[in-house]
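Below are the chains, spelled out letter by letter.
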Amino acid sequence: MLIAHLTDLHVRPFGRAANRVVETNLMVERAMRQVAGYAPAAVIITGDLTENGLPEEYTELRRLLEGRLACPVYVVPGNHDRRGSLRAALGGWPGVGGGSEFVHYATDIGPLRLIMLDSVVPGAGHGELCSERLEFLKTELDAAQDRPVLIGLHHPPFMTGIAAMDAIPLRAPEALLALIARHGRVLAVLCGHHHRVIMAQHGGAMLLAGAAIGGHQSELTFDATARPYFYLEPGGYFLLRWDGSALTANLATIGDFAGPFPFAVDADYPGRTMA
């Protein structure tokens, strides 16, 4: 079974670029064509669906996503989204129109349990999980019992060494990490926010921050005084493969590249069986 994890679409109103130079809508459209070709069982999108949370941006998001995928699409907001506008436009999507203040919910993807968390703090770039959201997570993990679980949220629960991103982290992630370790069957925590592929590990779970689908990736620098910059590096997404016992995460890059070319193994290749 394949599951696609995308993040940080940063959709703009039709015809407008993000950050003056990034054609995010074009990148999202390319990503949807590519993802559809893998026929995933589900698509998980972990926030920053839009650039500014404007109603016209969510209208464009619907145009870019609806009807292109033959599977459920599960979303949560990021710090660039607005819950009210998200619910007004996408209230019919799974979990979005729930009765809680927060856009959080749980569902099944085949044998896996997916728990989607809302880590947004309105008016701020950082994320938090308050007592209500942590209690929701605890309840859902307890209900999952020994089933394998995926968790999706926007803000990653780890520091990166990239100063611009570490200034707006998921604050006080210890409670989340403790619940993950306590459950013991969380396969992966799927995040975004950092606009880079960054991987960590905790309590047996993979912690995966994906690249920005919108096509603008944060500068990789460990200079603590560096200002936040981005490069027009290609976007990408994770294809999560569950074989019934193990989860693997494959990074797929968005774009058209030369190839495919066959591997033409040279006669001098030392891995070839020798007489």
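Residues numbered from 1 in each chain as written. Predicted model: local features only at pLDDT ≥ 70, side-chain atom pairs only at ≥ 80, totals over all residues. Heavy atoms only, no water.

Enquirer: For this particular structure, what's the right way to read the environment of A209?
Expert: Locating A209 in the fold gives a position in strand β9 (residues 205–209). For A209, a relative accessible area of 0% translates into the label buried. Here the alpha-carbon distance between A209 and T7, two residues 202 residues apart in the chain, equals 8.5 Å. (Helix = DSSP H or I, 4+ residues; strand = E, 2+ residues; numbered from the N terminus. Buried < 20%, exposed > 50% of the residue type's maximum accessible area, 1.4 Å probe, protein only.)

Enquirer: Explanation requested: the sheet that holds strand β8 (residues 198–202) in the structure shown.
Expert: Hydrogen bonds between backbone groups are what pair the strands of a sheet, and the pairing can be parallel or antiparallel. An order of β4-β5-β6-β7-β9-β8 is seen for the six strands of this open sheet, with the pairing classed as mixed. Looking at strand neighbours, the two that pair on one side only are β4 (105–109) and β8, the edges of this open sheet. Shown here is a sheet whose adjacent strand axes are inclined to one another by a mean of 20°, direction ignored. Helix α4 (residues 131–144) rests against β4, β5 (112–116), β6 (149–152) and β7 (186–191) of the sheet, and its axis sits at about 175° to β5. Across the sheet, helix α6 (residues 174–183) touches β6, β7, β8 and β9, and the angle it forms with β8 is around 60°. (Pairing = 2+ DSSP bridges. Axes fitted to C-alpha atoms, helices over the stretch in contact; angles between N-to-C directions. Contact = heavy atoms within 4.5 Å.)

Enquirer: What is the right way to look at the packing of aromatic side chains in this model?
Expert: Think of a pair of aromatic rings as described by two things: how far the centres are apart, and how the planes are tilted against each other in angle. Taken as a whole and judged by the stated rule, the model has one aromatic pair. When the ring of Y74 is compared with that of Y105, the centres are 6.5 Å apart and the planes differ by 45°; the resulting orientation is tilted. Taken as a pair, Y74 in strand β3 (residues 73–76) and Y105 in strand β4 lie far apart in primary sequence, 31 residues in all. When sorted by exposure, Y74 lands in the same class as Y105, which is buried. (Phe/Tyr/Trp six-rings, centres within 6.5 Å; stacked < 30°, edge-to-face > 60°.)

Enquirer: Teacher, can you tell me more about unusual backbone geometry here?
Expert: If a residue is not glycine, its phi is most likely negative; likewise, a peptide bond is most likely trans. Residue G259 is joined to P260 through a cis peptide bond whose omega torsion reads 10°. By secondary structure assignment, the location of P260 is in the segment after β13 (247–253). Look at N19: it is not a glycine, yet its phi comes out positive at around 50°. Among the secondary structure elements, N19 is positioned in the loop between β1 (2–6) and α1 (24–37). Residue classification places N19 among the partly exposed positions, given a relative accessible area of 36%. The phi angle at A172 is positive, at roughly 50°, despite the residue not being glycine. Here A172 is to be found in the loop between α5 (163–166) and α6. Under the relative-accessibility criterion, A172 is labelled exposed at 59%.

Enquirer: What's the story with the sheet that holds β13 in this structure? I'm lost.
Expert: Strand order in the open sheet formed by five strands is β3-β2-β1-β12-β13, with mixed pairing between adjacent strands. Only two strands of the sheet have a single partner each, and these edge strands are β3 and β13. Put simply, the sheet's adjacent strands are angled 20° from each other on average, direction ignored. Bridge count between strand β2 (residues 42–46) and β3: four bridges; the pairing is parallel. Pairing of T46 across the sheet is with V76, part of β3. Strand contacts of α1: β1, β2, β12 (236–242) and β13, with the helix running at about 170° to β1, the strand carrying the most contacts.

Enquirer: Even after reading the chapter, I still don't get the pairing of β6, so can you show me in this structure?
Expert: Looking down a regular strand, the side chains alternate between one sheet face and the other. What you see with β6 is no split at all: V149 and I151 on one side and L150 and G152 on the other are buried throughout. Across four bridges, β5 lies against β6 in parallel orientation. Residue pairing across strands places M116 opposite G152, the latter belonging to β6. Handedness of the crossover is the feature at issue here: the chain leaves β5, passes through α4, returns alongside β6, and the resulting connection is right-handed. In the sheet, β6 pairs with β7 via four bridges, with the strands oriented parallel. From the neighbouring strand, I151 faces β7, where its bridge partner is V189. (Right-handed = clockwise from strand over helix to strand, strands pointing away.)

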